[in-house]
Amino acid sequence: SFQELEKILTQLDGRGYKAYKDLQGQYQWRDFTLSIDYVQGDPFASPSRIRVTVPGEKGGFPTELYDTPHKRRAVIDFLSRVVAKNIYRIYDHVGGSGKSGLLSIGHCGQEILERNYIVIDQNRVEARLEVGLPAAGRKILGREAKEIFLEAIPKIVEASLFFKAISKEGLFRQVNLVEDQYFLRQEMERYKLVAFVANGSILPRESGVSQKPMARGAVAFQSPKEYEIELHLPNYGYIKGMGIPEGVTLIVGGGFHGKSTLLQALELGIYDHIEGDGREYLVARENAVKIKAENGRRVEKVNISPFINNLPMGQDTVRFSTENASGSTSQAANIMEALEIGTDLLLIDEDTSATNFMIRDGRMQQLVQKEKEPITPFIDRVRSFYEEKGISTILVIGGSGDYFEVADHVIMMDEYRPKEVTLKAKEIIKGLQNPRKIEETSCLQESPPRTLLKATFPMEKRGIKIKPRGIHYITYNKTEIDLRDLEQLVDFNQTNSICFILQYIMEKPVKDQTALPEVVEKVYKDIMTKGLDEVSPFRGHPGNMALPRRYEIAGALNRFRNLKIK
Ligand code: ADP
Ligand code: MG
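These figures come from a predicted structure and were not determined experimentally.

1. Examining the sheet that holds strand β14 (residues 248-252)
If you walk across this open sheet you meet the six strands as β16-β19-β20-β14-β21-β22, and the pairing is mixed. Two strands close off the open sheet at either side, each with one partner strand: β16 (289-291) and β22 (417-420). Adjacent strand axes in the sheet meet at a mean angle of 25 degrees, parallel and antiparallel pairs treated alike. Relative to strand β20 (residues 392-396), strand β19 (residues 345-349) runs parallel, the two sharing five bridges. Bridging across to β20, leucine 347 finds its partner in isoleucine 394. Taken strand by strand, helix α6 (residues 259-267) contacts β14, β16, β19, β20 and β21 (409-414), and its axis lies near 150 degrees from that of β19.

Right, here's the structure in full:
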């Protein structure tokens, strides 16, 4: 009970930090149970992990609120934010050395992701928290610890995990919002659209380092009449906006007119967004992939032959490997890896592409003969991707009209407003002779399967530590995995989950006959049926996790410098 906890904390006061280990266990409070699952070894180590659990009937959340996976995701995300707000409001941060006094729940940004910071079902409402157990130097500060456990936490639980205590309107609005976004993504397929941007959406962000909406001066999105459609959402009702059809779509326009901003918004249209974000009714196919050039990345036995052939020294491009890819080979590898996991939509921006991968104009074709050029530019493949594989492309391009010929739709950004210019572009083609020749008409061949080998994870004497460093890096013992170019990774706890998943893959002995996408699919299935906690290495508080997509999991594997493929 809590009296017990109080007694232990009194006894611990002034002792060495290690004595905190005595706290491990469960304590009963009037309305909830506190579980101290893991106690940090010193004040500078990762914080201690605790859970607070309210019995389901006391929590009083109606089951209809979370009777589908996406509604449950909405509720969990909402309650995580409520807990975070209440920690901020109620808890007066106590000081001390290292992480002393820290009290937090997993971080939530602009996206409503699948998270494990809260558990809600008929039996319980549970929040998973992290605590920096307070110390001065390495001496336990018992009084400060009491403040956290006996004062702050009960108040935070009281204000957050009971249906009667929280803002019902806020919760319902978030559940409705997620339901609408979920519906909208399903409608995409029915209407053969790859993206939808509601009129009134706010696309630009506050700054390069903040995903909050631009506060002042943002021009709200307005669809051109030609692309405007009206949909009926279950909660919002009728909504109008721009539907981008399947096929090849160019976004053209002068510099600074908002092309990249539109594409970046579409990239994150794979996720649901919170109220007030400005992108609440902006969605893209959930398997859309941003493709960039990524100089220097490693590539392991990827079929880049649709784009690159006849390399000097007779290098194999059907099973192409390199420790240090060029702009064009990395971009080709990124596309082929996206295909391997499965995608309906490629998103490409000229700003982050290799020029020689994107275009090769008529004059250059005359000077450098096809036989001397290993690269088949994307322009000569983009149609076969759509026609043979059903993969659409949205391409930001301000610098080459050659693409008019391969586009189904051309949209021009003009002072942040999209305009339909397809007919104009097609007339220009008719009027001007272009000396450019199409270089490639052959069909896309199936790529050979890429089998993940056990040797990817060699045994090491001291064991293997896989850890996230911010959103963009993972360290695997001494090897670093660079995820900076996986632009659709948005949350540190997605990266944390990828670390757990890599460990999970490593520990469930990989049989040397499973293709990489199947390995990813298998973990994904385990998560879908048993929940995120399933792939955590920890019992009790599993660590903060947010769900990454299959593509980002495979993306981490593909960038792992130790990856071995048969
Ligand atoms: P482009 O790719 O066409 O060169 P960007 O998308 O990079 O242009 O946008 C240029 C600038 O305009 C950016 O600073 C961006 O924040 C701002 N911007 C983009 N869209 C809007 C908008 N709808 N309203 C206000 N500012 C915008
Ligand atoms: Mg740009």
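Now that the structure has been shown, the text picks up again.
2. Quick look at the coordination of the magnesium ion (ligand 2)
Here the magnesium ion (ligand 2) is held by Ser260 (OG) and Asp351 (OD), and the distances to it run 2.1 to 2.3 Å. With serine 260 in helix α6 and aspartate 351 in the loop between β19 and α8 (355-358), the pair connects residues that are 91 residues apart, well separated along the chain. A relative accessible area of 17% places serine 260 in the buried class.

3. A short note on the domain arrangement of the protein
If you check the domain split of the protein, you get domain 1 (2-166), domain 2 (183-447) and domain 3 (454-559). For domain 2 versus domain 3, the separation of C-alpha centres amounts to 28 Å. Domain 2 puts 19 residues into the contact, and the matching count from domain 3 is 14 residues. When domain 2 packs against domain 3, the two sides together hide about 1600 Å² of surface, and 48% of this comes from carbon and sulfur. Taken as a group, Tyr271, Glu294 and Ile341 account for 35% of the area that domain 2 buries against domain 3, more than any other trio of residues on that side. The shortest N-O distance in the salt bridge between lysine 292 and glutamate 487 comes to 2.7 Å. Inspection of the domain 2/domain 3 interface yields 13 residue pairs in polar contact (both at pLDDT 80 or more). Taken together, the elements giving at least two residues each to the side of domain 2 that touches domain 3 come down to β16 and α7 (327-341).

Cut-off values and rules
- Residues numbered from 1 in each chain as written.
- Chains lettered and ligands numbered in written order.
- Predicted model: local features only at pLDDT ≥ 70, side-chain atom pairs only at ≥ 80, totals over all residues.
- Heavy atoms only, no water.
- Pairing = 2+ DSSP bridges.
- Helix = DSSP H or I, 4+ residues; strand = E, 2+ residues; numbered from the N terminus.
- Axes fitted to C-alpha atoms, helices over the stretch in contact; angles between N-to-C directions.
- Contact = heavy atoms within 4.5 Å.
- Donors = N, O, S within 2.8 Å, 3.2 Å for Na, K, Ca; no water.
- Buried < 20%, exposed > 50% of the residue type's maximum accessible area, 1.4 Å probe, protein only.
- Domains from an automatic or database assignment.
- Buried area = accessible area lost by both parts, 1.4 Å probe.
- Salt bridge = Lys/Arg side-chain N within 4 Å of Asp/Glu carboxyl O.
- Polar contact = N/O pair within 3.5 Å; in protein donor to acceptor, adjacent residues only side chain to side chain.

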